Amino acid sequence: MGVYHDLGLDPIINVSGAVTRLGGAPMPPPVLDAFRAAADECVPLDTLHGAASRVIAELTGAEAGLVTAGAAAALTLGTAAILTGYDPSRMERLPHCAGFPDEFVVARDQRNGYDHAVRAAGARLVEVGMNEVIAGAGVRRVEAWEYAAAFGPATAGVLYVLDPEARPPLAEVAAEAHAAGLPVLVDAAGELPPRSNLRDVLAAGADLVCFSGGKAVRGPQATGILCGRRDLVGPAALQMLDLDDHFDLWDPPPELIDTARLRGLPRHGIGRGMKVSKEQVVALVTALRLFVSGAYDAELPAMRGHLEEVAAALAARPVRCRLVMPADGQSPPVLELTIDEAVLGRTAVEVCRRLRAGRPPVYPGHGGVREGRLTVNPLHLTGERTRLLIGRLQEELTSDGPAAR
Ligand SMILES: *Cc1c(COP(=O)(O)O)cnc(C)c1O
């Protein structure tokens, strides 16, 4: 019946999208074929990373790129690279940074669970700005001068979490950082699409950018990309690669690692536990090419069709359906279900719990569940899954009737 059934598990209907918690995005057949083919032969891993770097550079405009074990790993490795540069003794000491700059300046309203990945390398975060807008106590966001005011002898770099609403704009923050000789590490993990961000984030002044490979790019779930300045991507690669070799035998790809800047071969670095397999590298590069080609756009009309079918099937239920079409023309549409909890006699949280507990289990988007809203992301939908989904939604969006209440 399938690998999950063999393990005693029921496959779910994932209508949350490419979330890690539910296994990420579906890999297209060419990506799976590439993964399989890569397993058939061996190449030295550093050489393979050099080839992947060339492809990433071509597709992003970066000087160099590294396939990482996810965007979170890219954040750790990018931080490590900024902390150490090509100094093997600093690499050896991470995550302890006694004796060299270790502070990353970050806007208070950009702090989030992923900054653990930055601290994991040994960096300390220094917050700037206030959170007045969320507090309802003011109208101003963080301002560029506040970054400059926080820079000092212990500052190693700037962390910036990209979002269309992020303020101040990246270009302003980068200008302040560069005036002080500091690099900017950008978390743009989920900021694809639009495809243009692959180039625009670097063009706006980022020194290193982290993207997820397992979200919209549809590479293996546990992949990501770190790209940007060659003199930083090199030290990041060094701290991830297995370095059990002799310096005089070792011949890494020069486009990725500048051996002239090394006084010796470092040992396994802080990123050794974030290694990426040859199959993952090849599959990610394949997926990135597909993503950049615009091939995924062709699926958008069918996705919209699935959502319209769901909305039509819920017409008589106590739920308001709204089809949200992202303006970029590249992201999947989403169906928003706003539940009339009073009429249904059940909260959206309860509906969500029942959807997960039923057969087959259904996992809708739950970002607005406390406000009575569930979302349906069509990334994983097929005709068959759409029919099953409709059946489950109709069941759980049917009121038990006055007698039962
Ligand atoms: C998803 C995400 C990450 C983590 O990406 P992975 O590829 O799963 O490691 C980091 N930062 C942000 C903002 C994200 O949305």
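Being a predicted model, the structure only gives us computed values, none of them experimental. (Residues numbered from 1 in each chain as written. Predicted model: local features only at pLDDT ≥ 70, side-chain atom pairs only at ≥ 80, totals over all residues. Heavy atoms only, no water.)

1. Comments concerning the overall build of the chain
Definition in use: Numbering of helices and strands runs from the N terminus, with a helix taken as a DSSP run of H or I at least four residues long and a strand as a DSSP run of E at least two residues long. We take the radius of gyration over the C-alpha atoms and set the globule estimate at 2.2 Å times the residue count to the 0.38 power. Buried means the residue's accessible area, taken with a 1.4 Å probe over protein chains only, is under 20% of the maximum for its type, while exposed means over 50%, and partly exposed covers the values in between. In this analysis, two residues are considered to be in contact whenever any of their non-hydrogen atoms come within 4.5 Å of each other. Using a 1.4 Å probe, the Shrake-Rupley method yields the accessible areas, and only the shown protein chains count as cover for residues.
If you tally the helices and strands in the chain, you get 17 helices and 12 strands. Scaling as 2.2 N^0.38, a compact globule of 405 residues should have a C-alpha radius of gyration of about 22 Å, and the chain matches this with 23 Å. Projected onto its principal axes, the C-alpha positions of the chain cover 80 × 60 × 35 Å. Out of the 405 residues in the chain, the part that is buried amounts to 50%. Contacts in the chain between residues far apart in sequence, at least 24 positions, make up 69% of those at least 6 positions apart. Element-wise, carbon and sulfur atoms account for 54% of the exposed surface of the chain, whose accessible area totals about 18,400 Å².

2. Regarding the sheet that holds strand 10 (residues 334–339)
Two pairing modes exist for strands in a sheet, parallel and antiparallel, and in both the strands are linked by backbone hydrogen bonds. Rules: Strand pairing follows a simple DSSP-based rule, namely that at least 2 bridges must link the two strands. Fitting a line to C-alpha atoms yields each axis, with helices limited to the stretch in contact; the angle taken between N-to-C directions then spans 0 to 180 degrees.
In space, the three strands of this open sheet follow the order 9-10-12, with antiparallel pairing throughout. Each end of this open sheet is capped by a strand with a single partner; those strands are strand 9 (319–324) and strand 12 (373–376). For this sheet, the mean angle separating the axes of adjacent strands, direction not counted, is 20 degrees. Of the strand pairs in this sheet, strand 9 and strand 10 are connected by six bridges, and their pairing is antiparallel.

3. Overview of the site of the ligand
For clarity, the threshold we go by: For this description, a residue counts as near a given molecule or strand if any of its non-hydrogen atoms is within 4 Å of it. Residues are sorted three ways: Asp, Glu, Lys and Arg are charged, Ala, Val, Leu, Ile, Met, Phe, Trp, Tyr, Cys and Pro are nonpolar, and all the rest, Gly among them, are polar.
Close to the ligand lie Thr-20, Gly-70, Ala-71, Ala-72, Tyr-114, Asp-187, Ala-189, Ser-212 and Lys-215, which account for all nearby residues. Isolated, the ligand exposes 380 Å² of accessible area, and the fraction of that covered by the protein chains is 81%. Of the residues that constitute the shell around the ligand, the class distribution is four nonpolar, three polar and two charged.

4. Some points on the packing of helix 4 (residues 71–84) against helix 11 (residues 230–238)
Just so we agree on the cut-off: The scheme is simple: roughly parallel for angles under 35 degrees, roughly antiparallel for over 145, roughly perpendicular for 65 to 115, oblique for anything else. Note: crossing handedness is left-handed where the near helix turns anticlockwise from the far helix by less than a right angle, and right-handed where it turns clockwise.
Packing of helix 4 against helix 11 brings their axes to within 8 Å, and their N-to-C directions diverge by 110 degrees. Classified by the interaxial angle, the pair formed by helix 4 and helix 11 is roughly perpendicular. Crossing of helix 4 over helix 11 shows right-handed handedness. Contacts between helix 4 and helix 11 pair Leu-77, Ala-81, Ile-82 and Thr-84 from the former with Leu-232, Pro-235 and Ala-236 from the latter. Tallied by class, the residues present in the contact of helix 4 with helix 11 amount to six nonpolar, one polar and no charged.

5. Details of the domain arrangement of the chain
This is how it is decided: Segmentation of the chain into domains, including their bounds, is taken from an automatic or database domain assignment. Buried area: the accessible area, evaluated with a 1.4 Å probe, that two parts lose upon being put together, summed over both parts.
Considered domain by domain, the chain is made up of domain 1 (3–20 + 297–396) and domain 2 (42–293). Here domain 1 and domain 2 have C-alpha centroids that lie 34 Å from each other. With nine residues of domain 1 in contact, the opposing surface of domain 2 contributes seven residues. Across the domain 1/domain 2 interface, buried area totals approximately 660 Å², and carbon plus sulfur atoms make up 37% of it.

6. Topic: the packing of helix 2 (residues 29–38) against helix 12 (residues 278–293)
Close contact between helix 2 and helix 12 brings their axes to 8 Å; oriented N to C, the two are set at 155 degrees. Relative to helix 12, the element helix 2 lies roughly antiparallel. Remark: the crossing between helix 2 and helix 12 carries right-handed chirality. For the pair helix 2 and helix 12, contact is made by Pro-30, Val-31, Ala-34, Phe-35 and Ala-38 and by Lys-278, Glu-279, Gln-280, Val-282, Ala-283, Thr-286, Ala-287 and Leu-290, respectively.

7. Quick look at the pairing of strand 12
Burial along strand 12 is one-sided: the residues Leu-374 and Val-376 are buried and none of Arg-373 and Thr-375 is. Pairing analysis gives four bridges linking strand 10 to strand 12, with the strands arranged antiparallel. From the neighbouring strand, Leu-337 faces strand 12, where its bridge partner is Leu-374.

8. Quick notes on the nonpolar core
Soluble globular proteins tend to bury their nonpolar side chains together. As a reminder, the rule being used: Nine residue types can take part in a nonpolar core, namely buried Ala, Val, Leu, Ile, Met, Phe, Trp, Tyr and Cys, and a core is a set of them joined through side-chain atoms within 4.5 Å.
With 88 residues, the main nonpolar core has Leu-83, Phe-104, Tyr-147, Tyr-160, Leu-185, Val-186 and Leu-226 as its most contacted residues. Listed in part, the 23 residues of the second largest apolar core include Val-310, Leu-355, Val-362 and Leu-393.

9. Quick notes on the packing of aromatic side chains
Note the threshold: Only centres within 6.5 Å qualify two rings of Phe, Tyr or Trp (six-membered ring in Trp) as a pair; their planes then separate them into stacked at under 30 degrees, edge-to-face at over 60, and tilted for everything else. A ring has a charge above it when a Lys NZ or an Arg CZ is no more than 6 Å from the ring centre and no more than 35 degrees off the ring normal.
Here the structure, examined in full by the defined rule, presents two aromatic pairs. Look at Phe-247 and Trp-250: their rings are 6.1 Å apart centre to centre, the planes differ by 35 degrees, and that puts the pair in the tilted class. On the accessibility criterion, Phe-247 (34% relative accessible area) is partly exposed. When the centroid spacing of 6.3 Å and the interplanar angle of 50 degrees are considered together, the rings of Phe-291 and Tyr-296 count as tilted. Pair check on accessibility: Phe-291 and Tyr-296 agree, each one buried. Sitting above the plane of the Tyr-296 ring, Arg-218 keeps its charged end 4.3 Å from the centroid.

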